[in-house]
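Spelled out, the chains give:
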Amino acid sequence: MPSPHRHDGSVPPVGAQPLYDDVMWADAVVRCAHTGTGTSAGTGAGTGAAPTLTARPLRDRPGALLSGSCDLDSRPILSAALGVVIRIPGAVVHLDLSAVAFLDAAAVAALVQANAAVAGQGRRLLLHHPPYSLRKVVEMFPDECAALEVAA
């Protein structure tokens, strides 16, 4: 049986489609969904809802579209998606958040880290259509979030 490890030695998060080959990103979808069957930790008990986070590549520019909710349940997939996003080539990497319903403070911190990684490469991470929750976290932590760049 082949090893679950990627070529760089890391293991994909549970529930994520393995989409770590750079050449595959153009047609890939990173997805994390809790089915409510009790097989995944953090299922929305009693709600009947299946929290989902997906990341799809943008077709018109380098970057990704996030969809869903970024919270404790979807933290591993957000980390995996941002790991792919920061490797997308280009002077500016776009992250469309128009389909994101909620970002918790840890998700915003992950965006700040991704931004730092991209900036460390001499590039920019440009956020599009941030949800209300991101704006509120930025208001609460202006110094920590100062480096985040939002498209006009």
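Residues numbered from 1 in each chain as written. Predicted model: local features only at pLDDT ≥ 70, side-chain atom pairs only at ≥ 80, totals over all residues. Heavy atoms only, no water.

*Asks:* Please explain helix H2 (residues 105–120) as it appears in this structure.
*Replies:* The α-helix winds at 3.6 residues per turn, so residues separated by three or four positions along the chain end up facing the same way. Taking 1.5 Å per residue as the helical rise, H2 with its 16 residues ought to reach 22 Å, and the 22 Å between its terminal C-alpha atoms agrees with that figure. If you check which residues of H2 are buried, you get Ala107, Val108, Ala110, Leu111, Ala114, Asn115 and Val118. Along H2, the residues classed as buried sweep out an arc of 155° about the axis, all on the same side. The exposed set on the far side of H2, more than 90 degrees from its buried face, consists of Gln113, Ala116 and Gly120. Buried positions along H2 lie against strand E3 (63–70), helix H1 (75–85), strand E4 (92–103), strand E5 (124–128), helix H3 (132–140) and helix H4 (142–145). Between the side-chain oxygen at the start of H2 and the backbone nitrogen of Ala106 there is a gap of 3.3 Å, and the oxygen is on Asp104. The first or second residue beyond H2 is Gly122, which carries a positive phi of 75°. (Helix = DSSP H or I, 4+ residues; strand = E, 2+ residues; numbered from the N terminus. Expected span 1.5 Å × (residues − 1). Buried < 20%, exposed > 50% of the residue type's maximum accessible area, 1.4 Å probe, protein only. Arc of directions from axis to C-beta. Contact = heavy atoms within 4.5 Å. Polar contact = N/O pair within 3.5 Å; in protein donor to acceptor, adjacent residues only side chain to side chain.)

*Asks:* Help me understand the confidence of the model for the protein in this model?
*Replies:* Detailed conclusions should not be drawn from predicted coordinates in areas where pLDDT is low. Here the protein shows a mean pLDDT of 76. Residues at 70 or above account for 66%. By mean pLDDT, the top-scoring element of the protein is E5 (97), and the lowest-scoring one is strand E1 (residues 30–33) (50). This model gives residues 1–28 a pLDDT under 50, and the stretch forms 43 contacts once residues within four places in sequence are excluded. The low-confidence segment residues 32–48, where pLDDT is below 50, has 18 contacts with residues more than four positions distant or belonging to other chains. (pLDDT = per-residue confidence, 0-100.)

*Asks:* It is not clear to me how the packing of H1 against H2 should be interpreted in this structure. Could you clarify?
*Replies:* When two helices pack together, their arrangement is given by the angle between their axes and by how far apart the axes lie. Remark: H1 packs on H2, axes separated minimally by 11 Å, with the N-to-C direction vectors making an angle of 15°. Taken together, the axes of H1 and H2 lie roughly parallel to each other. The element H1 and its partner H2 pack so that their crossing is right-handed. Two secondary-structure elements touch here, H1 through Arg75, Leu78 and Leu82 and H2 through Ala106, Ala107, Ala110, Leu111 and Ala114. Here the contact of H1 with H2 is composed, by residue class, of seven nonpolar, no polar and one charged. (Axes fitted to C-alpha atoms, helices over the stretch in contact; angles between N-to-C directions. Parallel < 35°, antiparallel > 145°, perpendicular 65-115°, else oblique. Left-handed = near helix turned anticlockwise from the far one by under 90°. Nonpolar A, V, L, I, M, F, W, Y, C, P; charged D, E, K, R; others polar.)

*Asks:* How do you make sense of unusual backbone geometry when you look at a structure like this?
*Replies:* Most peptide bonds are trans, and most residues other than glycine sit at a negative phi. One non-glycine residue, His129, lies in the positive phi region at around 55°. Within the element layout of this structure, His129 appears in the loop between E5 and H3.

*Asks:* Explanation requested: the environment of Phe102 in the structure shown.
*Replies:* Here Phe102 is to be found in strand E4. Of the residues examined, Phe102 reaches a relative accessible area of 38% and is grouped as partly exposed. Each C-alpha atom of the pair Phe102 and Asp71 lies 7.5 Å from the other, and the pair is 31 residues apart in sequence. Once residues within four sequence positions are removed from consideration, Phe102 is found in contact with Gly68, Ser69, Cys70, Asp71 and Ser133.

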